[in-house]
Amino acid sequence: MSDLEIRQFMCLNDNFGVLVYDPASEATLAVDVPDAETVDGELEKAGWTLSHILITHHHADHVQGLKALKDKTGAQVIGPVKSAAQIGDIDESVDDGATVSFGDYEIRCIATPGHTLDQISYWIPEGGVAFTGDTLFAMGCGRLFESSPAIMWSSMQKLMNQLPPETRIYCGHEYTFANARFAVSVDPANSALADRLVEVERLRAADKPTLPTTMALELQTNPFLRVEDAGIRETVGLVGAPAAEVFAEVRRRKDSF
Ligand code: ZN
Ligand code: FE
């Protein structure tokens, strides 16, 4: 078991801020900066000193606090090579397969284009934790603003192939309830999904976060990972179709759900 300590908190409307602290080295990282003040306030509450900032993609709701937080903390900023110039303030631009040290831990960068072309997911294998930004959500995936369904599907496959089932996954947004309602519409016979919808409703009614999730739970309940499932294929009328085609149809349905 890893000894990383993780704080997750809401920023803006439905963005998550995440801080990760390594007690041995006292290194602390933030994943994205939706709002510098909120992230800084959480650092203060925890008594942690920020050393690293990981940026998942260039959208404003993930980077708009970056400059202010970097100026205040002097943290080293790691971000996607494809949008490094656009984002600015990036010290180390990374692409698929890059690794970054964090205390004694290693952070692995997995390029997961789809929502945006630049998107990087970050995985700390020894910590058993990954940060998928707006690529993989609980029971969902990001909207395709900059690429095709085929590209997003290959990113989903990459995450399924690389992240062990027990990996805890933190995502960019609290979209879980809406995602669960949609998931049931394409995967109505899935009892694990039905159970999860009830649990998510309970958490949201109590104003509690539904994340992190795990890869194992997503494999059971996320329709965007389950496009080989016979029930989903039947529901969307694509029984013998290639997986990428089923993925595209599920994504299309979600866009107009
Ligand atoms: Zn985004
Ligand atoms: Fe976002």
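Residues numbered from 1 in each chain as written. Chains lettered and ligands numbered in written order. Predicted model: local features only at pLDDT ≥ 70, side-chain atom pairs only at ≥ 80, totals over all residues. Heavy atoms only, no water.

(A) Just the coordination of the zinc ion (ligand 1), in detail. The protein atoms that coordinate the zinc ion (ligand 1) are His 57 (NE2), His 59 (ND1), His 115 (NE2) and Asp 134 (OD), at distances of 2.2 to 2.3 Å. Metal-centred angles of 86 to 175 degrees between the 4 donor atoms at the zinc ion (ligand 1) mark the site as irregular. Donor residues for the zinc ion (ligand 1), ordered by position in the chain, follow H-x1-H-x55-H-x18-D. The distance between the zinc ion (ligand 1) and the iron ion (ligand 2) is 3.0 Å, with Asp 134 acting as a donor to both metals. With a gap of 56 residues between them, His 59 in the loop between strand S4 (52-54) and helix H2 (60-63) and His 115 in the loop between strand S8 (105-111) and strand S9 (120-124) connect regions that are remote in the sequence. The same class applies to His 59 as to His 115, namely buried. (Donors = N, O, S within 2.8 Å, 3.2 Å for Na, K, Ca; no water. Tetrahedral: all angles 85-135°; square planar, octahedral: opposite > 155°, others 65-115°. Helix = DSSP H or I, 4+ residues; strand = E, 2+ residues; numbered from the N terminus. Buried < 20%, exposed > 50% of the residue type's maximum accessible area, 1.4 Å probe, protein only.)

(B) Spatial organisation of the environment of Thr 28. Within the secondary structure, Thr 28 sits in strand S3 (residues 27-31). Thr 28 gets classed as buried once you look at its relative accessible area, which sits at 0%. Among all residues touching Thr 28, those that are not within four sequence positions of it are Val 20, Tyr 21, Leu 43, Trp 48, Thr 49, Leu 50, Ser 51, His 52 and Phe 102. (Contact = heavy atoms within 4.5 Å.)

(C) Structural view of the coordination of the iron ion (ligand 2). Within the protein, the atoms that donate to the iron ion (ligand 2) are Asp 61 (OD), His 62 (NE2), Asp 134 (OD) and His 173 (NE2), at distances of 2.1 to 2.3 Å. Around the iron ion (ligand 2), the 4 donor atoms are arranged such that angles at the metal cover 84 to 172 degrees; this shape is classified as irregular.

(D) Up close: the packing of helix H5 (residues 149-162) against helix H10 (residues 243-255). Two elements in contact, H5 and H10, have axes separated by 9 Å at closest approach and are oriented at 110 degrees. Of the possible angle classes, the one that applies to H5 and H10 is roughly perpendicular. Packed against H5, whose contacting residues are Pro 149, Met 152, Trp 153 and Met 156, the element H10 presents Ala 243, Ala 244, Phe 247 and Ala 248 at the interface. Here the residues of the contact of H5 with H10 sort into 8 nonpolar, no polar and no charged. (Axes fitted to C-alpha atoms, helices over the stretch in contact; angles between N-to-C directions. Parallel < 35°, antiparallel > 145°, perpendicular 65-115°, else oblique. Nonpolar A, V, L, I, M, F, W, Y, C, P; charged D, E, K, R; others polar.)

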